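Remarks on the overall topology
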Amino acid sequence: MKNNAHPYPRALVRRLPILAVLAAGAALLAAGCGALPDKPARATLYDFGPNLAAAAPAPANSPALPPIALAEIDASMRLEGTQLLYRLGYADANELRPYGQARWSLAPAQLLHQRLRDALAMRRTVLGSEESATIARTEGRVPDTLRISLDEFSHYFESPSTSVGLVRMRATLIRGGSGGDRVLAQRSFAVQRPAPSADAAGGVKGLAAASDAAVAELVAWVDQPR
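Residues numbered from 1 in each chain as written. Predicted model: local features only at pLDDT ≥ 70, side-chain atom pairs only at ≥ 80, totals over all residues. Heavy atoms only, no water.

1. Notes on the pairing of strand β5 (residues 92–104)
- Pairing geometry for strand β1 (residues 44–46) and β5, over three bridges, is parallel. In the strand pairing of β5, Leu45 is matched with Arg103.
- Here strand β4 (residues 83–88) folds back onto β5, and the loop between the two strands holds three residues. (Pairing = 2+ DSSP bridges. Helix = DSSP H or I, 4+ residues; strand = E, 2+ residues; numbered from the N terminus.)

Structure (structure tokens):
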């Protein structure tokens, strides 16, 4: 045997560069797979919780009230989505910030509309806009219409450790007639309730409690004789 003879077969020697390239590619692929990001965390969905009061019977001896038309609640563009918003009142109260991994199941105006409709329906028939128009055409009478504008719906931090759920809305009661519509009454409501924790879950509880309190005040106002 010659001294310069290669210890491996010639065919294997020719394939060594190819095998090296394949091994390097496999190593790069394995490294790349290890660097892939994790799946994005799914946002937690929140609502106001079960409305147990809606299933309760109407108060005894409470007279039925005239039907009312409840329009869809108007809201600013920022409140039309499902983001859960907060404000740092101690830093910059003018900036609305969204929680990254928390969402409402519906837009706040829709959640409030459901709550308000259920509360009003305990003592009267609640109509939509189309139903109200149908009654006006067929029976010649126009139910009063309640319009709501949602102006504020946020988890408001008074300090890093103290916060509230803050709800502000404006209600307008409109009475229609042969001479056209007229404003029967109008009032603004501002309600806040403590948030039990300084996070999204705490903000949800504070906002749900503030919403229920605001709805109760609004219904009491609507039910007043006029």
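There's plenty left to go through after this.
2. Here we look at the pattern of salt bridges
- All told, the structure shown has nine salt bridges when counted by the stated rule.
- Two residues, Arg170 and Asp151, come together in a salt bridge whose shortest N-O distance is 3.5 Å. Of this pair, Arg170 sits in strand β8 (residues 162–175) while Asp151 sits in strand β7 (residues 144–159), and the two are 19 residues apart along the sequence.
- Taking relative accessible area as the criterion, Arg170 reaches 34% and is therefore assigned partly exposed. (Salt bridge = Lys/Arg side-chain N within 4 Å of Asp/Glu carboxyl O. Buried < 20%, exposed > 50% of the residue type's maximum accessible area, 1.4 Å probe, protein only.)

3. Considering the side chain of Arg87
- With respect to the element layout, Arg87 can be found in strand β4.
- The buried category is assigned to Arg87, whose relative accessible area is 14%.
- Within polar-contact distance, the side chain of Arg87 engages the side chain of Glu152 at 2.8 Å.
- Residues contacting Arg87, with those up to four places away along its chain left out, are Ala93, Asn94, Glu95, Leu96, Glu152, Ser154, His155, Tyr156 and Phe157. (Polar contact = N/O pair within 3.5 Å; in protein donor to acceptor, adjacent residues only side chain to side chain. Contact = heavy atoms within 4.5 Å.)

4. A short note on the packing of helix α2 (residues 108–120) against helix α4 (residues 200–222)
- Between α2 and α4, the shortest axis-to-axis distance is 10 Å and the interhelical angle comes to 45°. In terms of orientation, α2 and α4 fall into the oblique class. α4 is crossed by α2, and the crossing has right-handed handedness. Note on element contacts: α4 touches α2 through Ser211, Asp212, Val215, Leu218, Val219 and Val222, opposite Leu112, Arg115, Leu116, Ala119 and Leu120.
- In the contact of α2 with α4, the residues fall into eight nonpolar, one polar and two charged. (Axes fitted to C-alpha atoms, helices over the stretch in contact; angles between N-to-C directions. Parallel < 35°, antiparallel > 145°, perpendicular 65-115°, else oblique. Left-handed = near helix turned anticlockwise from the far one by under 90°. Nonpolar A, V, L, I, M, F, W, Y, C, P; charged D, E, K, R; others polar.)

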